[in-house]
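Understanding the architecture of this molecule
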Amino acid sequence: MASEGILFGMGNPLLDISCTANKEFLDKYGLEANNAILAEDKHKPMYQEMITSFKDVDYCAGGATQNSIRIAQWIIGGSNATTFMGCIGKDDFGKTLRSAAEKDHVKVQYQYNDKEPTGTCAVVITDKNRSLVANLAAANCFTKDHLDVKEHWDSVEKAKFYYCAGFFLTVCPPALMMVSQHACNQNKLFSMNLSAPFISQFFKDPLMQLLPYADIVFGNETEAATFSKEQDFKTEDVKEIAKRIASLPKENQKRSRMCVITQGRDPVLVAQDGVVKEYAVIGFDNPDDIVDSNGAGDAFVGGFLAQLVQGNSVDECVRCGNWAAHIVLQRSGCTFPEKADFK
């Protein structure tokens, strides 16, 4: 069992609104079948259309970092081993999010915004693919001064491990720099995620300011390829890209950086010190057992971190990450059974 508050996450708390749709719906809103984007004005009507036009619409607590933190807490067990911060609105969706996180035994320290509603994320499922369209709303309003509140900064100081998805770079880079620099100065472990191709493309400057403080960088093969292109690595070889990311300049020289790349059905790659190790994922005898890929990457990170904070090996971290992703793939949204039976 990990100590209270050992893992700290900061990100965009969103309420996922998911439904199974069709190619016509994707085309109508200019969406790719398997991608993650921020909502533009043209996407705003789709949320209501999903609710009114499709059957079996699901609502689930979401947001990439919050998902990973919830999964980690579930596996670790007990209460409040994890803390999460983000901004929500003073509305029913916000109450739903808080209730869901607290039910999962995560300590939440939300910032509240009076003017914007709680953020939502459309999860459009077609076949085994999912297209994510995030309307950040209140989540986009997080400010660094939330960390200046004593009880909030106490949570930062109490933690020994930190995680944020790259999505938060669109919201409040100064808060991420504040936390990552604290981790660096105290020789604690800071981890981050590339999260989506658009982060490497359009938020390159804050990403490259944060990356020197990252001890672990997570991502998938598509995000790695985009990062490589944007950084002019001149390679599409995912193993080579992982090695290059791991070897980029780093502030804390007391430990080398690790880069962890998931590749769907293909092996997970872990690069560190110029060496890349491959880990097979857990397959499915029947592809129909895959219900929804939404949240699988977040679940992998949560499983990985759950073992990391308990002092277990990288092999065990990846094994637990793969196990958590395998569980979530068989469920709608980033949800999980009442008890974790990882052995």
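Above this note sits the structure.
Residues numbered from 1 in each chain as written. Predicted model: local features only at pLDDT ≥ 70, side-chain atom pairs only at ≥ 80, totals over all residues. Heavy atoms only, no water.

A look at the packing of helix H5 (residues 150-158) against helix H6 (residues 173-185)
For clarity, the threshold we go by: Working convention: axes come from line fits to C-alpha atoms, limited for helices to the stretch in contact. Angles between N-to-C directions cover 0 to 180 degrees. Think of it this way: any DSSP run of H or I at least four residues long counts as a helix, any run of E at least two long counts as a strand, and we number them from the N terminus. Each angle receives one of four descriptions, namely roughly parallel if under 35 degrees, roughly antiparallel if over 145, roughly perpendicular if within 65 to 115, and oblique otherwise. The crossing is said to be left-handed when, going from far helix to near helix, the turn is anticlockwise and less than a right angle, and right-handed when the turn is clockwise. Contacts are assigned to residue pairs that have any heavy atoms within 4.5 Å of one another. Classification convention: Asp, Glu, Lys, Arg as charged; Ala, Val, Leu, Ile, Met, Phe, Trp, Tyr, Cys, Pro as nonpolar; all other residues, Gly among them, as polar.
One can describe the packing of H5 onto H6 by two numbers: an axis separation of 10 Å at closest approach and a directional angle of 40°. In terms of their interaxial angle, H5 and H6 are classed as oblique. For H5 against H6, the interelement crossing comes out right-handed. Contact residues: Trp-153, Val-156 and Glu-157 in H5; Met-178, Val-179 and His-182 in H6. When grouped by side-chain class, the residues that make up the contact of H5 with H6 number four nonpolar, one polar and one charged.

So, the sheet that holds strand E2 (residues 14-20)
Whether parallel or antiparallel, the strands of a sheet pair through hydrogen bonds between backbone atoms. The condition is simple: Two strands are said to pair when DSSP picks up at least two bridges between them.
Overall, mixed pairing links the five strands, which are arranged E3-E10-E9-E2-E4 in an open sheet. Looking at strand neighbours, the two that pair on one side only are strand E3 (35-38) and strand E4 (58-62), the edges of this open sheet. Strand after strand, the sheet turns through a mean of 20° between neighbouring axes, direction not considered. Pairing of E2 with E4 involves five bridges; the strand directions are antiparallel. Along E4, the bridge assignment pairs Ser-18 with Asp-58. Along the sheet face, helix H2 (residues 44-53) touches E2, E4, strand E9 (120-126) and strand E10 (129-135) and points at about 60° away from the line of E9. Here helix H4 (residues 92-103) sits on the sheet and contacts E2, E4 and E9; the angle it forms with E2, its principal contact strand, is near 95°.

Let's talk about the environment of Glu-278
Put simply, the test is: By the criterion applied in these results, polar contacts are pairs of N or O atoms within 3.5 Å in which, for protein atoms, one can donate a hydrogen and the other can accept it, and in which residues neighboring in sequence qualify only through two side-chain atoms.
Looking at the element boundaries, Glu-278 is found in strand E16 (residues 275-279). Separated by 192 residues in the primary sequence, Glu-278 and Gly-86 place their C-alpha atoms 34 Å from one another. Residues within four places of Glu-278 in sequence aside, it is in contact with Lys-239, Pro-267, Val-268 and Leu-269. One polar contact links Glu-278 to Lys-239, side chain to side chain, over a distance of 2.5 Å.

Describing the packing of helix H3 (residues 64-76) against helix H12 (residues 314-329)
Packing of H3 against H12 brings their axes to within 12 Å, and their N-to-C directions diverge by 110°. Judged by the angle between their axes, H3 and H12 are roughly perpendicular. Contact with H3, carried on its side by Ile-71, Trp-74 and Ile-75, involves Cys-320, Trp-323, Ala-324, Ile-327 and Val-328 of H12 and no other residues of that element. Taken together, the residues of the contact of H3 with H12 break down into eight nonpolar, no polar and no charged.

With respect to the layout of surface pockets
Counted only if it meets this: Cavities and pockets were defined on a 1 Å grid built over protein atoms only: a cavity is a set of grid points that admits a 1.4 Å probe from which the probe cannot escape, a pocket is an open set flanked by protein on both sides within 12 Å along at least five of seven lines, and lining residues are those with an atom within 4 Å of any such point. Grid points are joined across faces, edges and corners, and a volume is the space filled by probe spheres set on the points.
Here the second largest pocket defines a volume of roughly 410 Å³. Around the second largest pocket, the lining is made up of 20 residues, and of these Ala-100, Lys-103, Asp-104, Phe-336 and Pro-337 lie nearest the centre. For the lining of the second largest pocket, the secondary structure elements donating two or more residues are E4, H3 and H4. Residue contributions to the lining of the second largest pocket peak at four residues, all from H3. Split by residue class, the lining of the second largest pocket holds nine nonpolar, six polar and five charged.

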